[in-house]
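# Examining the three-dimensional arrangement
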Amino acid sequence: SVRGIGLGGAYTAVTNEPSALFVNPAGLAFMSNRAQVSTMFTAMQLGRQHNVITYGQTFGILGVGAGVNNYKAGEFTARNAAGDPLGEYKNQQLNVQGGVALHITEAHASIGVAGKYLLNTLKGPNIRGDGWALDIGTKIQLMDVLSVGLTVQNLAGEMKWNKEAGTRETIPFTVRGGIAAEFGFNQRTYK
């Protein structure tokens, strides 16, 4: 989400909306019990597009979420080392993800896990890869305004390229951590 981009690494600690699914699935437990949908569309130069849609909601102490993250590169002319045209190519990368988080009320913390299906296609030479990976995260609310988050992304991730050739690639995992303070300047108190 735009909020996540703006907060950078600190977003790992403050995730509390549907896009938490892609950054720290533990944040799904800190949403409201009303269904929430978040979407983002980015049109970039050279015909590229980045589209995201996510859903999230809590049911008691359980938070759930699902989302699609899609990137398309515009059509481009591929060339060999001598500069000769090889044809028109198109690239698409897709991430379909679902997750669940448990809110541990006594500890003011949550743990979450998300599974994702990944697809990468290059039309032209017909190169295709797909695979699966897991994200695991935690979020701890230390005080009313201070929170800490930690997530490991792409655990046990693997892509299989052009299935008939049998090429496999391990996806490297990523560890993210963040600490953040959120001040409720716009919150009203009713007595």
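Below is a short write-up of the structure. These numbers come from a predicted model, not from an experiment. (Residues numbered from 1 in each chain as written. Predicted model: local features only at pLDDT ≥ 70, side-chain atom pairs only at ≥ 80, totals over all residues. Heavy atoms only, no water.)

### Notes on the pattern of salt bridges
In plain terms, the rule: A pair is scored as a salt bridge if a Lys or Arg side-chain nitrogen falls within 4 Å of a carboxyl oxygen belonging to Asp or Glu. A run of H or I in DSSP becomes a helix once it reaches four residues, and a run of E becomes a strand once it reaches two; helices and strands are each numbered from the N terminus. Only protein chains enter the accessibility calculation, which uses a 1.4 Å probe; a residue whose area is less than 20% of its type maximum is buried, one above 50% is exposed, and one in between is partly exposed.
One pass over the structure, following the stated rule, counts 2 salt bridges. In this structure, D135 engages K116 in a salt bridge whose closest nitrogen and oxygen atoms are separated by 3.2 Å. A residue pair is termed long-range when its members are at least 10 positions apart, and D135 in strand β6 (residues 127-141) and K116 in strand β5 (residues 109-123) qualify at 19 residues. Taking relative accessible area as the criterion, K116 reaches 7% and is therefore assigned buried. Between R168 and E158 there is a salt bridge, with its nearest N and O atoms 2.8 Å apart. Note that R168 is positioned in strand β8 (residues 167-170) and E158 in strand β7 (residues 146-161), a separation of 10 residues in sequence. Judged by its relative accessible area of 54%, R168 falls in the exposed class. Using a relative accessible area of 28% as the deciding quantity, one classes E158 as partly exposed.

### Some remarks on the environment of D135
Applied cut-off: Should any heavy atoms of two residues lie within 4.5 Å, those residues are considered in contact. Any pair of nitrogen or oxygen atoms within 3.5 Å is treated as a polar contact; in protein, a donor-acceptor pairing is required on top of that, and neighbouring residues in sequence qualify only through side-chain atoms on both sides.
A residue is classified by how much of its surface remains accessible, and D135, at 0% relative accessible area, is buried. Between the alpha carbons of D135 and N24 there is a distance of 7.7 Å; along the sequence they are 111 residues apart. Among all residues touching D135, those that are not within four sequence positions of it are L21, P25, Q97, G112, V113, A114, K116, V152, Q153 and N154. Polar side-chain contacts of D135 include one of 3.4 Å to the side chain of Q97. Here the side chain of D135 touches N154 through a polar contact of 2.9 Å, landing on its backbone nitrogen.

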